[in-house]
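# Structural overview for review
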Amino acid sequence: MSLEVQVTIDAADPGALAEFWATALGYRVQPPPPPFTTWDEALEAWGVPAGRRHDASAAVDPDGHGPRLFFQRVPEGKSAKNRLHLDVRAAPGLAGDERMAALETAAERLVAHGATRLLRVDPEPPLVPGNIVMADPEGNEFCLD
């Protein structure tokens, strides 16, 4: 039996980062559980103090296949390169110029939503297909692959 995986990401602004990653991956920000129509309503009912209501957020795959991304507020900022990063498969099955064009299109879309472009790695067959290294709005590195 396999187990589900949740990816947890430390953040200064969990809600904003959840929105960015939902856009980046075609996910959606996780809605509150029934019978609640808003997170404020749910958190109020659960007795969560107003000052703690933006401490976490999540993005989920609407098709239920990808892992849940959970964003939690932490007091410290990012201080070093990630030891783990996400590869966003923006050009699976593509090669050469066609692959890099698809990656460039994805990079432009994500920059418009707050990402930063860090590095383009051009293809070097047979082992390097090419990718673009990016950072999300809080500086967490990821690759368009």
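Scroll up for the structure.
The present account deals with the structure reproduced in this document. (Residues numbered from 1 in each chain as written. Predicted model: local features only at pLDDT ≥ 70, side-chain atom pairs only at ≥ 80, totals over all residues. Heavy atoms only, no water.)

### Some thoughts on the overall build of the protein chain
Put simply, the rule is: Numbering goes from the N terminus for both helices and strands, where a helix is a DSSP run of H or I of at least four residues and a strand is a run of E of at least two. A simple rule labels every residue: compare its accessible area, found with a 1.4 Å probe on the protein chains alone, to the largest value its type can have, and call it buried under 20%, exposed over 50%, or partly exposed in between. Per-residue and other accessible areas follow the Shrake-Rupley method at a 1.4 Å probe size, with only the shown protein chains counted as cover for residues. Neither His nor the chain ends is counted toward charge; the positive residues are Lys and Arg and the negative residues Asp and Glu. A single reference atom marks each charge: NZ on Lys, CZ on Arg, CG on Asp, CD on Glu.
Each helix and strand counted, the protein chain has 3 helices and 8 strands in total. Taken along its principal axes, the extent of the C-alpha atoms in the protein chain is 55 × 35 × 35 Å. Counting every position in the protein chain, which comprises 145 residues, the buried fraction comes to 34%. Summed over all atoms, the accessible surface of the protein chain reaches about 9100 Å², with 56% contributed by carbon and sulfur. Looking at charge distribution, the protein chain has the averaged site of its 13 positive side-chain charges lying 3 Å from that of its 22 negative ones.

### Focus on the packing of aromatic side chains
Any aromatic ring pair is given by two values, namely how distant the centres are and how the planes are angled relative to each other. Keep this limit in mind: For this analysis, a ring pair means two rings from Phe, Tyr or Trp (six-membered ring only for Trp) whose centres lie within 6.5 Å, classed as stacked if their planes differ by under 30 degrees, edge-to-face if by over 60, and tilted for the remaining angles.
This model, assessed by the stated rule, comprises 5 aromatic pairs. Here the aromatic rings of Phe36 and Trp46 are separated by 5.7 Å at their centres, their planes lie at 85°, and the arrangement is edge-to-face. Taken as a pair, Phe36 in the loop between strand S2 (28-29) and helix H2 (39-45) and Trp46 in the loop between H2 and strand S3 (56-60) lie far apart in primary sequence, 10 residues in all. Considering the side-chain rings of Trp39 and Trp46, the 6.2 Å spacing of their centres and the 70° angle between planes classify their relative orientation as edge-to-face. Classification of Trp46 by relative accessible area gives partly exposed; the value is 47%. In this structure an aromatic cluster arises from ring pairing among Phe20, Trp21 and Phe142.

### A word on the side chain of Glu141
Note the threshold: Pairing of N or O atoms within 3.5 Å defines a polar contact, subject to two protein rules: one partner must be a possible hydrogen donor and the other a possible acceptor, and residues neighboring in sequence count only if both atoms are side-chain atoms. Here a residue-residue contact requires only that any non-hydrogen atoms of the pair lie within 4.5 Å.
Along the chain, Glu141 falls in strand S8 (residues 141-144). Within the structure, the side chain of Glu141 is placed 3.1 Å from the backbone nitrogen of Asn82, a separation counted as a polar contact. Other than its neighbours up to four places away in sequence, Glu141 contacts Lys78, Lys81, Asn82, His85, Leu86, Leu118, Met134 and Ala135.

### Let's talk about the pattern of salt bridges
Oppositely charged side chains can pair when the atoms bearing their charge come close. Definition in use: For this document, the term salt bridge refers to a Lys or Arg side-chain nitrogen within 4 Å of an Asp or Glu carboxyl oxygen.
Summed over the entire model, instances satisfying the criterion amount to 9 salt bridges. Between Asp55 and Arg52 there is a salt bridge, and its shortest N-O distance comes to 2.2 Å. The class for Arg52 is exposed, based on a relative accessible area of 53%. Through salt bridges with shared partners, one network takes in Glu104, Arg117, Arg120 and Asp122.

### Observations concerning the environment of Gln6
Relative to the helices and strands, Gln6 is located in strand S1 (residues 6-11). Accessibility expressed as a relative area gives 38% for Gln6, which makes it partly exposed. The spatial distance from the C-alpha of Gln6 to the C-alpha of Gly66 is 9.1 Å, given a sequence separation of 60 residues. When sequence neighbours within four positions are dropped, the list of residues in contact with Gln6 reads Arg68 and Phe70. Separated by 2.5 Å, the side chains of Gln6 and Arg68 make a polar contact.

### Things to note about the nonpolar core
Heads up, the condition is: Nonpolar cores were defined as sets of buried Ala, Val, Leu, Ile, Met, Phe, Trp, Tyr and Cys residues, with membership established by side-chain atoms within 4.5 Å.
With 25 residues, the main nonpolar core has Trp21, Phe71, Leu110, Met134, Phe142 and Leu144 as its most contacted residues. Per element, the largest residue contribution to this core is 6 residues, and it comes from helix H1 (residues 14-25). Contacts of Phe142, omitting those with residues within four sequence positions, involve Phe20, Trp21, His85, Leu86, Val88, Leu110, Ala115, Ile132, Val133, Met134, Ala135 and Asp136.

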